[in-house]
Structures are given as C-alpha cells and as structure tokens.
Amino acid sequence: MFDYQTMRALSAISRTGSFDKAAQHLGVTASAISQRIKTLEDRLGTVLIKRGNPCVPTAAGRRLVQHADDVALLEHAVARDLGHGPHDDIGATTIRLAVNADSLATWFVTAMAAVDDGLLYDVVVDDQDYSADWLARGEVVAAVSGEPRAIQGCDVQGLGALRYTATASPSFAAQWFPDGVTIDALSRAPCMVFNTKDGLQREWVKRVTGADVVMPTHWLPSTQAFVDGAVAGLGWGVNPEPLMQGHVTAGRLVTLQPQTMLDVPLYWHVSRLAAPALAGLTAAVVQTAARCLRPLHPA
C-alpha cells in the first residue's frame, strides 16, 4: 500500500516542477515534501524525481504520478456520487489529457469549459497521429487522436473531421504562385511546418501534384504562429479552416487550391477505469465536436 499523502506530493512536484511550489500547493513545508519523497524512494529502491530546475519525474516517478492521479479521480467520482458539488471543499482533482494543437486552438477549450465538475486540466499537446501513444503508455486518462482503433483498456468513439485548407497572403501567392500551384513553385516557395511530426503540408502537396516535393521550410511549433505567418506573408501552410475562414473572407488570405482540402478524422479515447468519472467531459467533447467538426465519412 502507498501513502497517498506522499503520492499527492509526488504528483504536485511533477506538475509544479519544484519541491517548494509543491509544498505551497499542499499547504506543508518543503522539508516535509522532501522527506516524504526520500522515504518513498528508499522504500522502492529507485529515484522518483530528478532534482533540478525544474524537477522532473523519472519513468518510475511518472508511473506513480499516473497511479496517484487515477486514485484521485476515482475519489473525486465517489465524492460526487455521495452528493458533494463540484465546488465543495473536497480538494481539486487534476486530470491529464493529450490533445492535438489544432483541436486545442479551435474547439476543445470550449468542451472543457462546458464541464462544471470541479476538475482541473493538465493538457499535453501532441500531433493527432501520436496523441494516443500517451494513453497507451498510461500517462494520460483520455486523448483526442487520429487513431480509430481502441487502445487496450480504453473506449473510443468518433468525433468528426477537422477540415484543413492551404492558404497564403495575396501578395505571397502572387509572388510565388503566379502560374498556380506547380511542382516548380512549391520547390521554391517557403512553406510552414509545425514540427517533424506534421505531415499535412506534404500530404496536401501529394494530393495536388502527385509528387513528393522537397520544400523550403519555416518550422513554427504554434497554431497561432501558422495563422500569423500566413497573414504576414512569411509562407504558405495548411491550416484548420475555422481559423482561416475569417481571414479569407476579409481578403487577408487566399486559398491556394480551393478544390483540394484535407479532412482529418478525430476520435476520443478514454481509459475505461476513468470513464465513469469523465462522463461529463466525454459528453461535452462529443457535443462540441458535433457542432464544430464535419461528420466522419463511413469507413
């Protein structure tokens, strides 16, 4: 059996990156936090926290943090079932989710805000092709992912498709694509890519040209930077339609190839252990996605 005061201390250090901040969060002294962690490390015979700035959990520490979070979520659900309201003084419970950046920028925050159950959110951002891996490793309790198959120990349901269009500023399009979107133009025109996991630009180019074109690239790991970069004329990029439509309507952006769009399917994965406690969030996610995303095409 674990001492859950110590487990909560471990979780607090993981989230705040500091023994001092964890102590403030839990209302105890930093020396008490340090002693709890040292006692647990001695008992388990392994280091749980890498001391530094910030302090970060080891692999064993991350596993225990997730266990502590699972227990806290179950306790939260029990308290709710016993009649405690979401804002009663029973202690805040933090849940960790994995969400792709474009969902976070377009619709997922609305879903989180619609849930009044007293939960706090710790959101990990990763590409939709990789976000389910966090759930498979047991590091989050739910994820928005492009993976349609259920992860072991989890339930999955379809949410809808986020549509992407390729856009650029009018001056950029006139300079780099005077004869339209051609292989030669794409090989010279700077494009914007989120990170090495982002394959949307390459997929769009293949659909347009049928070729795998080597393109000069700006690396911009920010959804908002993609929008700002396109409007400023820094480069062209494939962006979520909800973020670009207003700019297109206002004439600040043009759609490079209106007939070529990418619909990226998204799915909600949730741990079966956590599913009852997350029923409210799941309902909000599904309802918000139904309003904001396009229907999934049948397989």
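Given the structure is predicted, the values throughout are model-derived calculations rather than measurements.

Participant: I would appreciate a short explanation of the pairing of strand 3 (residues 93–99) in the present structure.
Facilitator: Burial within strand 3 is extensive, with 6 of its 7 residues counted as buried. In the sheet, strand 3 pairs with strand 4 (residues 119–125) via 7 bridges, with the strands oriented parallel. Looking at the pairing, V99 lines up with V125 of strand 4. Viewed along the sheet, the connection from strand 3 through helix 5 (residues 101–113) into strand 4 turns out right-handed.

Participant: Would you explain the pattern of salt bridges in this entry?
Facilitator: Between side chains of opposite charge, a pair can form as their charged atoms come close. Within the structure shown, the criterion is met by 15 salt bridges. The shortest N-O distance in the salt bridge between K38 and D42 comes to 3.0 Å. Taken together, the positions of K38 and D42, both in helix 3 (residues 30–44) and 4 residues apart, correspond to about one turn of that helix. In the salt-bridge network here, residues are joined through shared partners; they are R15, D69, R96, D122, R137 and E139.

Participant: Can you help me understand the confidence of the model for the protein in this one?
Facilitator: Detailed reading of the predicted coordinates is not advisable wherever pLDDT falls low. In the predicted model, the protein carries a mean pLDDT of 91, and the fraction of residues at 70 or more is 95%. No element of the protein has a lower mean pLDDT than helix 4 (residues 59–81), at 80, and none a higher one than helix 7 (residues 170–176), at 98.

Participant: So what exactly am I meant to see when it comes to the nonpolar core here?
Facilitator: Among soluble globular proteins, nonpolar side chains are generally buried collectively. Counting residues in hydrophobic clusters, the biggest one holds 50 residues, and the most contacted among them are L97, W236 and W268. Setting aside residues up to four positions removed in sequence, W268 forms contacts with L97, F108, A142, A143, V144, D155, V156, Q157, L159, L281, T282 and V285. Counting residues in each nonpolar core, the second largest holds 17 residues, with M7, I13, L64 and A68 among its members.

Participant: Can you walk me through the pairing of strand 5 (residues 142–145) in this structure?
Facilitator: Successive side chains on a regular strand alternate, one facing one side of the sheet and the next facing the other. Residue alternation in strand 5 divides its side chains into two sets, A142 and V144 and A143 and S145, and both sets are buried. In this sheet, strand 5 lies alongside strand 3 in parallel orientation, the contact comprising 2 bridges. Across the sheet, A98 pairs through a bridge with A143, a residue of strand 5.

Participant: What am I meant to see in the packing of aromatic side chains here?
Facilitator: The way to describe two aromatic rings as a pair is by their centre distance and the angle between their planes. Going through the model one piece at a time under the given rule, you end up with 5 aromatic pairs. Look at W107 and F108: their rings are 5.5 Å apart centre to centre, the planes differ by 80°, and that puts the pair in the edge-to-face class. Each member of the pair, W107 together with F108, is buried. An aromatic cluster is built from W107, F108 and W268, whose rings are joined through pairwise contacts. Residue placement shows R137 over the ring face of W134; its charged tip is 4.8 Å from the ring centre.

Quick notes on the rules
Residues numbered from 1 in each chain as written. Predicted model: local features only at pLDDT ≥ 70, side-chain atom pairs only at ≥ 80, totals over all residues. Heavy atoms only, no water. Buried < 20%, exposed > 50% of the residue type's maximum accessible area, 1.4 Å probe, protein only. Helix = DSSP H or I, 4+ residues; strand = E, 2+ residues; numbered from the N terminus. Pairing = 2+ DSSP bridges. Right-handed = clockwise from strand over helix to strand, strands pointing away. Salt bridge = Lys/Arg side-chain N within 4 Å of Asp/Glu carboxyl O. pLDDT = per-residue confidence, 0-100. Core = buried A, V, L, I, M, F, W, Y, C linked by side-chain atoms within 4.5 Å. Contact = heavy atoms within 4.5 Å. Phe/Tyr/Trp six-rings, centres within 6.5 Å; stacked < 30°, edge-to-face > 60°. Lys NZ or Arg CZ within 6 Å of the ring centre and 35° of its normal.

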